[in-house]
Amino acid sequence: GTLNTAGDITTTGGNVTIETATTLTGPVSIDSAGGDIAFGAAATLGGAQNLTLDADTGDISFNAAVGGTPLLDVVVTAADDVTFHDVFSAESFTHTAGTGTTTFQGQVELTEAAGPALSITTPQIIVNALVRSQTGDMLLTTDDIEVNLGGFLIVVAADGRITLVQQTPDRELE
């Protein structure tokens, strides 16, 4: 079965693991206060709604497809590592306070036109799959970006732009 939810989830440091297909029927916020947030291998995630995740020092992993019905704005307010193991489709993805690595293992499709479709602030970004913004810009604030070019690219629309910003002053962007 599928879990239909518009309910928020808050823990006091415990892990949050969702193991079933989930459709967002309203905006959802998950705050683990330092625990990990994981969407399991069978936990496809969809619904034209906003999703806000805060793992503080914990990790976030999407182990199944996200966006059968594309999500709207997906915002990670704080997390160590964030990993996308499968396809991801949303209007936008924002990671504001990363302390580890954001990794894209599956194709990413973003459709935001009004602002940055992709905005990440974290020490390291690894791209192992196509990351495409159909209409918006990308802002990547990092000290280390690794794009493995075996057919994997970062692509923006003809009128979009990619901006790379060094996260740590006095350090070279690698």
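Please refer to the structure placed before this passage.
Analysis parameters
- Residues numbered from 1 in each chain as written.
- Predicted model: local features only at pLDDT ≥ 70, side-chain atom pairs only at ≥ 80, totals over all residues.
- Heavy atoms only, no water.
- Salt bridge = Lys/Arg side-chain N within 4 Å of Asp/Glu carboxyl O.
- Helix = DSSP H or I, 4+ residues; strand = E, 2+ residues; numbered from the N terminus.
- Buried < 20%, exposed > 50% of the residue type's maximum accessible area, 1.4 Å probe, protein only.
- Pairing = 2+ DSSP bridges.
- Contact = heavy atoms within 4.5 Å.
- Phe/Tyr/Trp six-rings, centres within 6.5 Å; stacked < 30°, edge-to-face > 60°.
- Axes fitted to C-alpha atoms, helices over the stretch in contact; angles between N-to-C directions.

Novice: Describe the pattern of salt bridges, naming the residues involved and giving the relevant values.
Specialist: Counted according to the given criterion, the structure contains one salt bridge. The residue Glu109 makes a salt bridge to Arg132 at a minimum N-O spacing of 2.6 Å. Highlighted residues: Glu109 in strand S14 (residues 108–110) and Arg132 in strand S17 (residues 131–133), separated in sequence by 23 residues. Under the relative-accessibility criterion, Glu109 is labelled buried at 14%. Owing to a relative accessible area of 29%, Arg132 belongs among the partly exposed residues under this scheme.

Novice: Tell me about the pairing of strand S5 (residues 28–31), residues and numbers included.
Specialist: The two faces of S5 differ: Val28 and Ile30 on one face are buried, but Ser29 and Asp31 on the other face are not. By the bridge criterion, two bridges tie strand S2 (residues 9–10) to S5 in an arrangement that is parallel. By the bridge assignment, Ile9 is partnered in S5 with Ile30. When S5 meets strand S8 (residues 51–54), the two strands line up parallel, connected through four bridges. Opposite Asp31, over in S8, you have Asp54 as the bridge partner.

Novice: Give a description of the environment of Gly35 that names residues and reports values.
Specialist: Mapped onto the fold, Gly35 is located in the loop between S5 and strand S6 (37–39). For the pair Gly35 and Gly58, spaced 23 residues apart in the sequence, the C-alpha separation amounts to 4.9 Å. Excluding anything up to four places from it in sequence, Gly35 contacts Gly13, Gly14, Asn15, Ala55 and Gly58.

Novice: Which residues make up the packing of aromatic side chains, and what values go with them?
Specialist: With the rule as written, the count across this model stands at seven aromatic pairs. Within the aromatic cluster, the residues linked to one another by ring pairs are Phe39, Phe62, Phe84, Phe88, Phe93 and Phe104.

Novice: Any chance you could break down the pairing of strand S15 (residues 118–121) for me, citing the residues and the numbers?
Specialist: Taken together, the three bridges between strand S12 (residues 88–95) and S15 define a ladder with parallel strand orientation. Paired with Phe93 across the bridge in S15 is Leu118. In this structure, S15 lies alongside strand S18 (residues 138–142), joined through four bridges in parallel fashion. Residue pairing for S18: Ile120 is matched across the bridge by Leu140.

Novice: Quick one: what's the story with the sheet that holds strand S3 (residues 16–18), residue by residue and with numbers?
Specialist: On the basis of which strands lie adjacent, the open sheet formed by seven strands has the order S3-S6-S9-S11-S13-S16-S19 and parallel pairing. Of all strands in the sheet, those with a lone pairing partner are S3 and strand S19 (144–147), marking the two edges. For this sheet, the mean inter-axis angle between neighbouring strands, taken without regard to orientation, is 5 degrees. In this structure, S6 lies alongside strand S9 (residues 60–62), joined through three bridges in parallel fashion. What sits directly across from Phe39, in S9, is Phe62.

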